[in-house]
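Overview (structure and organization)
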Amino acid sequence: MSSQDPTGLSTREALTRLHAVIEGEIRSYQKEKNWKLEQVPRQCSSVSYQPYCTLHWTSAVQLFVAAILILICYGAINDSSNYQLVVEAIVIVLLLLTNLYVSGSDKKLRRKEMQYQAEQMLRILQGCITSCTGWDEKLYPDLHTPLSRSVSMQWTYRDGTLVNLPCHLLVKDDIIALRPGQLVPAKVKEIKVPEEGDSLVLKAGELYNPCTPEILHEVTDATAHEPMSPTQFRVLETPYAQILRQCLWHGTNRPIGLLENKRLVCNRLMERWILPIVLVLSLLTNVVRYVVLKEEMGHWSTMIILIPVYCVLPLLPLVVPIIWIIGNVFGVAKLMSCFEKSKQSNKVLESLQTMEETDTLIKHEVTWMSVWRHFKAALFGKCETLTRTANIMQTLGTMTELCCVDKTGILSWPNPSVEKVFFFSSLPPDESESEDETLDDDDTEDESEEREERSVKIAYRGRKAQKMQSKENDSVFEESSHDDDCFPECHVEVLDLTEGHIGSGAGLQFDDPNWQRHMTSLKPMGLNILVNTCNMDAMEKRTEFIDHVTCIANQQHLPLVTRRQRVCLCDLARLIGFQEQASEAFELEQQLATYRKVPISAMQSESMYNTKFRKAMSFHKKYTLPHMMSVVVSTAVSNTTDALQMLTEGTAEMVLEACTDFWDGADISPLARNDRKKILDFYHRASLSAYCCAFAYRPLSGTITSGFGQSYIEMPTTDNTSLSTQELTSPLGTPVRSNVSLGKPRKSSGDSSYDRMTDIQDPDGVFRAQTGQIFIGMVAMQYQAKEDMVGLIENLEHACIRFVHFSPDNELKSKVFAEKVGLEVGWNCHVSLRSTETPPEHKVTTQLGYTNKSSLGSLAKKKQQDNNVVIDIDNLQVKFKGSKSKDDLGVTPLKEGKKLQATKSLDILSFTSDEETSIKLTHSKSVGEIPKCSPGDLMVDSTEEEVNETTPLTLSSTKEKLQKKTSGSGVTGDAVEPDSGLSMATKEEVNYFRTRHVSETCTFSTVTSEDFGGSMMNSLAESAFEITNRAKLPRGIGNIRPHLENVDNVPLLVPLFTDSTPDACREMIAIMQEYGEIVCCVGSTANVYNTGIFLQADVSIGLEPLYPQVCQQHSDDEYLRHSSSSTKAQGLLPLDLSHLLANLPCALTFHRDDKISIIDMIKEARSLTQAFINCFLFLMNCQISISILQLLACFLLLPPPMTGSHILWLSGVVVPLLSISFFGTPMSKKIMKMAPGKNANHLDPQVVGQYIVYFIFKFLPSLLVCVLVFALCLYYFCLEEAANPNHCHFLLGDRNHTDSWNGWKEDYSHGLLIAQNLVVFLLVLYFVTISLSFVYPLKHLWKQHPFNNKLWSLVVVTVILLQVAYFMFDVVIWQSSQSPLYKFSLGDIPMPAWLLGLLWPLLLVPICEIVKLYEIRLHVRYQKRAKLQFGTKLGMNSPF
């Protein structure tokens, strides 16, 4: 860092600037939004309705016209007794105004909802500024907190102190410290004095690489480099301004939900089809009636205007917009009440038994007062969630995909856990295996003897081959005669570990119950962990060294990756038996850091390693840049130089080069070539899918110049420095052999002469001081899935909700972790979103995709021809221009008739020379095409036929191995001719014979090689193998849409997307939505790159992640406290404020300690959504029934069976009350086993036809009964009062009467009133009866009692009482204003009418149940089809 030490901004000043930026963005949005129209999503481009307006302008016009026509009719009749027409018009106008106000307010609140949330956030921020006097340094995460993709932090100067600040809190003019290899969080400018030249300006998302040309040059000797330290930059713009701007302008552009689309379709059906048809039929019928039977009909205005208006009036949205808004608000309020209540519970998040619970999952007693409080807040736009732009009831209740875009701290624990421990043990093999054999009942004594005999033979052949190699390489390896019957004294032990369950307190545990017998081998590893890995005093330099190595790896334009995620291993040390106080016995003296760049020049000398080829292969495999960190400590009891100890941790290649011996738990033994091979085999396999580090140790006697402790030593990349194949010299000058034959008795290479090391003054001496170490062991670590997420995924699978993980890692690491979570990772179960195009030369691949300042290659295409590379897919061969054919090399493929077993590995044979290079992929014809694989199937067979991949072989040894390998494949020994290319090899041009084994279900292979030239060679073969993927899934986000349009829909069915970037995730979610998926996105609110993804999803859930810990023993979690636990004077803590700023686009946000179950929320939302759908289905059917009843009366030449007041009463009071009562239906036990529908094909003719059939059988018979009862009443009234009963017509009444309607409007008007009210009462009774089948639409009455819905029971009683009261009130009011000639009573109603009207419900119930039986069968059929589609991933290219 520069000599200047700026104080930076104060906390109050920074928050004030952030407040001003937010306020300015809100004002700018308000000013521009006043004249810009709201953007309409593409999904509703074909619909002429405003998607989010519940009352369309055409519906408003229709209501207004209806009121005007009623007033015109009143004026045309010119009769004061028809005053009720004026009342009806006034009621319609009032309903219209109410709907306009409610709908307009709802649309306005939706448009300003994101703005309101931002203003609320602004008020909280203002309160924080007022109360905050400055945040203590302990309230921020530690500076050396391991990096995590889920957390965006930045070293920033605040209040004169360098703190780890959340990126959301950065403001303009902040002084930050950019670490080498770090992504730039905002536009910044380097702080320099004018004399130093122009300042560097970087944009957000670029990669900061301050590498100098001197550091990048290859070195021939050990060289000391100054560390690349963090550099001071000034922030030029507030990064949160862009996030807020994105939320404000795009927060309302989410896709239209499933229920909203259904509402639009229903409106269109009503306005474009049903209403015009009813209007035309009514108008034509009444015109004909008036023309033909003019003397027996009513006034012309009644016949041509009033009756048609009454027919279409129920089809108009009288109260539908109000009920729609209230229903949505109530559902959100109910969910928010459950959400708030669940925060206070102690329930485990996602229990594996949730699907088997018989009662509702949300057992919290949600009070109606809490629901009412949230209801008012949501209704007036003051709710904590996004009620309108991201309706949690609609989206959670209908969602089909749950996408998670972050892993660490969300799906997994924030720190990797130890999975395997590798070390050497001196325990006899029979003793170490005896206990396992006793536990296996199937192993007999004879079988164990056969295994032992077989192992002896294998060991014997291995020793013989080892001695042959030693004789041929006597210039490199020391000869030693030893009896062939000597067996190795040590063997490899690999112990598996498992993380304990949540809440169990078990912690990390060994799977082997007898692991303590290896305590002597594990103790040195535990001490190394405490003194080196988890030494807080060494943390600062370790962080700088990792940044330094990362920067160099990025600048090499090679597929390199460094283990930037520092891992805490305190749990392992504690499990081994060390206490925290154990490290107090040692005092840190020095730290030594060493690394080695990849030998680029050596690879460039080969014809195969041109620039385009390296870039093309860079995406397939990533290698770790060899490096190691050593600490020199002294014992606390003696600070003399005679008590110095060196403990080392690093990559296995680098650590192994520095080791000559290993610790076997009892003694120090020299490392043999086979030992090194085993170590590298384990390391490379573990590094493919996990994190692996090696440990070593040696005592020191001399001292190292302190200046070298502040520098990093770079070792040369030439082959003559490979300490694994050369003669090492111990500090006393005694030659030490790094490779020992397998058959030799093991002897220690280091004696008591360690204490004669002289002082070190040069870089080469520093590295030499690190050589001669004792290899201790290795640890493989992997991110472990959180148990609650495993349970969540399992329950989502039962609910037919696809869980999709967007992983930024490559395919192999992503699939390994996905398998731990519980996702399906077999064939065609993942898609890579990384483009196959070659990135620009100046770009580097990061979590954002291609970023400036570095260069990496792209994936190789399936068929491509480079300047030097030719990939032949048909023959499964990779050649280079100028290379000879396989016949020239004398290598023939396996015979077609020779079959391989299903578990047999494929051999990929590689041969290299200066003039010719060819890689042949041989496979059995009986197996078929080379299969695609899952990383879980990776296997490396270590048999007696294999050769150490890291050992240079002479020509004769190579020929022997080649003949032995080909002889087993039907290739004769004469296949290798003496004059072939291999015979031209010299002693300096040593050829490598490498065998790689790939499981037949695998895409990736395991490479175990110390030189990167061979690794890159094998990577080419791996590429040719991978591109023969028989699943033929698309690669790259740009190829997804063409695949879906032209091939199949498998990309929409996979649960895993690898190589994901934020832009690719957002685009993939958009593709899912285009194909009808309803997506809920779960992500970290601490990740600044998630904003666009949150806004794209239908609904987003922001989860504050678990933050990684520097060290579990030294962690200070004060910064993790919630603001609720802090005092009012402190205000919000930094992480709480950052979480508040980040959750703006999220509908729900969880804290790390909140006991929220997503399954509970989904189940409650599904229940509310089902009730919501039932409500509007019943409402629409009832409204259509009222209209058809009027139309039937017209067809039968009857007077209107209902007046306008009756229609308004039923449409505005009775039917809405019955519809809303379905919200009280108890939650179904099987609701989480139903497959949700897609947000597509809303106007399905088949579905429309089904609903027409339901209506005909459920509602139409009741309408016919009402019309019949109405005709009977009028007929009997006519017979009773008419002067001549023979003149009474069954439909037309007293045809001898001269008044309108044959006297029903004058003399017999009282009888008409009684008949109309009776019809309305019966219609209400029938609606109540039909509603029985809507309470539980998928359960019969005898299986689920409808009275379990207490709200419905209460509403039914209330509606019947209200209808009786309305009957009486209507009769009383009419009698006070009318004086008819004849008066009637209920006793005048004929008995047939009573019997027919009151007994019909007894027949209506079984009819509804029969129809329900048909509905259930159709539903079961649909569910089976939907579940089959959900669980099937076979595409067009499926081989099964």
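Residues numbered from 1 in each chain as written. Predicted model: local features only at pLDDT ≥ 70, side-chain atom pairs only at ≥ 80, totals over all residues. Heavy atoms only, no water.

Here the focus is the overall build of the chain. Across its full length, the chain carries 38 helices and 40 strands. Looking at the 1440 residues of the chain, the share that counts as buried comes to 58%. In the chain, the share of contacts with a sequence separation of at least 24, taken over all contacts with a separation of at least 6, comes to 81%. Carbon and sulfur atoms form 55% of the exposed surface of the chain, whose accessible area is close to 58300 Å². (Helix = DSSP H or I, 4+ residues; strand = E, 2+ residues; numbered from the N terminus. Buried < 20%, exposed > 50% of the residue type's maximum accessible area, 1.4 Å probe, protein only. Contact = heavy atoms within 4.5 Å. Areas by Shrake-Rupley, 256 points an atom, 1.4 Å probe, with all protein chains shown as cover.)

With that settled, the discussion passes to a nonpolar patch on the surface. A contiguous nonpolar surface patch, about 640 Å² in accessible area, is contributed by Trp 57, Val 61, Phe 64, Val 65, Ile 68, Leu 71 and Ile 72. Summarising the element assignment, Phe 64 is placed in helix α2 (residues 57-77). Accessibility expressed as a relative area gives 45% for Phe 64, which makes it partly exposed. (Patch = residues over 30% accessible without salt bridge, like charges linked within 9 Å, V, L, I, M, F, W, Y side chains within 5 Å. Salt bridge = Lys/Arg side-chain N within 4 Å of Asp/Glu carboxyl O.)

Ordered in space as β27-β35-β26-β10-β36-β37-β38, the 7 strands form an open sheet in which the pairing is parallel. Two strands lie at the open edges of the sheet, namely β27 (830-832) and β38 (1148-1150), each paired on one side alone. Strand-to-strand, the axes of this sheet are offset by a mean angle of 20°, without reference to chain direction. Examined bridge by bridge, strand β36 (residues 1079-1084) and strand β37 (residues 1099-1103) share 5 bridges and lie parallel to one another. Looking at β37, one finds that Val 1082 is bridged to Ile 1101. (Pairing = 2+ DSSP bridges. Axes fitted to C-alpha atoms, helices over the stretch in contact; angles between N-to-C directions.)

This part takes up empty space enclosed by the protein. What the rule picks out here adds up to 18 cavities of 30 Å³ or more. Volume-wise, the largest cavity comes out at about 320 Å³. As for the largest cavity, its lining consists of 22 residues, and the residues nearest its centre are Tyr 52, Glu 260, Arg 388, Asn 391 and Gln 394. Those elements that provide at least two residues to the lining of the largest cavity are α3 (84-111), α7 (258-292), α9 (320-342) and α11 (392-398). Looking at the lining of the largest cavity, the element that brings in the most residues is α9, giving 4 residues. (1 Å grid on protein atoms, 1.4 Å probe; cavity = no way out; pocket = protein on both sides within 12 Å on 5 of 7 lines; lining within 4 Å. Points joined across faces, edges and corners; volume = space filled by probe spheres on them.)

A few words on the pairing of strand β3 (residues 175-178). Side-chain alternation along β3 places Ile 175 and Ala 177 on one buried face and Ile 176 and Leu 178 on a second face that is also buried. Judged from the 4 bridges that link them, β3 and strand β9 (residues 231-235) form a sheet pairing that is antiparallel. Note on β9: the bridge partner recorded for Ala 177 is Gln 232.

As a further point, take the pattern of salt bridges. A full pass over the atoms with the stated rule returns 30 salt bridges. A salt bridge links Glu 23 to Arg 27, with the nearest nitrogen and oxygen atoms 3.1 Å apart. Here Glu 23 pairs with Arg 27, and both are found in helix α1 (residues 11-33), just 4 residues apart, close to one helical turn. According to the relative accessible area criterion, Arg 27 is exposed, its value standing at 55%. Put simply, Glu 13, Arg 17 and Asp 173 are held in one network by salt bridges that share partners.

Our next topic: the nonpolar core. Ile 22 and Leu 572 are the most contacted members of the largest nonpolar core, which totals 240 residues. Sorting elements by how many residues they give to this core places helix α32 (residues 1158-1195) first, with 20 residues. Once you skip the residues sitting within four places of it in the chain, Ile 22 turns out to touch Met 121, Leu 122, Leu 125, Tyr 240, Leu 244 and Leu 1141. (Core = buried A, V, L, I, M, F, W, Y, C linked by side-chain atoms within 4.5 Å.)

All told, the structure shown has 29 aromatic pairs when counted by the stated rule. Where Trp 324 meets Phe 1172, the ring centres are 4.8 Å apart and the plane angle is 65°; that geometry is what we call edge-to-face. Of the two residues, Trp 324 sits in helix α9 while Phe 1172 sits in helix α32, which places them 848 residues apart along the sequence. Since its relative accessible area comes to 7%, Trp 324 is described here as buried. Given a relative accessible area of 1%, Phe 1172 falls into the buried group. Directly above the aromatic system of Phe 1334 lies the positively charged group of Lys 1258, at a separation of 4.6 Å from the ring centroid. (Phe/Tyr/Trp six-rings, centres within 6.5 Å; stacked < 30°, edge-to-face > 60°. Lys NZ or Arg CZ within 6 Å of the ring centre and 35° of its normal.)

Once that is clear, we can look at the environment of Lys 112. Within the element layout of this structure, Lys 112 appears in the loop between α3 and α4 (113-131). What makes Lys 112 partly exposed here is its relative accessible area of 37%. C-alpha of Lys 112 to C-alpha of Gly 251: the two residues are 139 residues apart in sequence and 9.7 Å apart in space.

A word on the packing of helix α36 (residues 1309-1335) against helix α38 (residues 1391-1431). Packing of α36 against α38 brings their axes to within 9 Å, and their N-to-C directions diverge by 25°. Here α36 lies roughly parallel to α38, going by the angle between them. α38 is crossed by α36, and the crossing has right-handed handedness. When α36 is examined against α38, the residues Leu 1318, Leu 1322, Leu 1325, Tyr 1326, Thr 1329, Ile 1330, Leu 1332 and Ser 1333 are found in contact with a partner set consisting of Trp 1394, Leu 1396, Gly 1397, Leu 1398, Trp 1400, Pro 1401, Leu 1404, Val 1405, Cys 1408, Glu 1409 and Lys 1412. Considered class by class, the residues forming the contact of α36 with α38 number 14 nonpolar, 3 polar and 2 charged. (Parallel < 35°, antiparallel > 145°, perpendicular 65-115°, else oblique. Left-handed = near helix turned anticlockwise from the far one by under 90°. Nonpolar A, V, L, I, M, F, W, Y, C, P; charged D, E, K, R; others polar.)

Another aspect to go through is α2. Taking 1.5 Å per residue as the helical rise, α2 with its 21 residues ought to reach 30 Å, and the 30 Å between its terminal C-alpha atoms agrees with that figure. Turning to α2, its buried residues are Thr 58, Ser 59, Ala 60, Leu 63, Ala 66, Ala 67, Ile 70 and Cys 73. Tucked into the core, α2 has its buried residues touching α3, α7 and α8 (300-312). Once α2 ends, the next one or two residues include Asn 78, with phi positive near 55°. (Expected span 1.5 Å × (residues − 1).)

Attention now moves to a positive patch on the surface. A surface patch of like charges, here positive, comprises Lys 1230, Lys 1233, Lys 1343 and Lys 1427. A residue is classified by how much of its surface remains accessible, and Lys 1233, at 42% relative accessible area, is partly exposed. (Lys, Arg positive; Asp, Glu negative; His and termini not counted. Charge placed at Lys NZ, Arg CZ, Asp CG, Glu CD.)

Tracing the sequence through the fold places Glu 260 in helix α7. Exposure remark for Glu 260: the relative accessible area of 13% places this residue in the buried category. Polar side-chain contacts of Glu 260 include one of 2.9 Å to the side chain of Arg 263. (Polar contact = N/O pair within 3.5 Å; in protein donor to acceptor, adjacent residues only side chain to side chain.)

Below, the discussion takes up the confidence of the model for the chain. The predicted model of the chain has a mean per-residue pLDDT of 75, with 69% of residues at 70 or higher. Within the chain, strand β10 (residues 401-404) carries the highest mean pLDDT (95), whereas strand β34 (residues 994-998) carries the lowest (31). When the criterion is pLDDT under 50, residues 430-487 qualifies, and its contacts beyond four places in sequence or with other chains add up to 57 contacts. Contacts of residues 854-1029 to residues separated by more than four positions or lying in other chains number 402 contacts, the stretch itself having pLDDT below 50. (pLDDT = per-residue confidence, 0-100.)

This part covers unusual backbone geometry. Positive phi values are uncommon outside glycine, yet Leu 1197 reaches one of about 65°. Within the fold, Leu 1197 resides in the loop between α32 and α33 (1204-1220). On the basis of relative accessibility, which here comes to 26%, the residue Leu 1197 falls in the partly exposed class.

On to the packing of α32 against α36. At their nearest, the axes of α32 and α36 sit 11 Å apart, and the two run at 150° to each other. By the angle class used here, α32 and α36 are roughly antiparallel. Considering the relative orientation of α32 and α36, their crossing is right-handed. Counting all contacts with α32, which are made through Asn 1174, Leu 1177, Phe 1178, Asn 1181, Cys 1182, Ser 1185, Ile 1186 and Leu 1189, the residues of α36 involved are Val 1319, Leu 1323, Phe 1327, Ile 1330, Ser 1331 and Phe 1334. Split by residue class, the contact of α32 with α36 holds 10 nonpolar, 4 polar and no charged.

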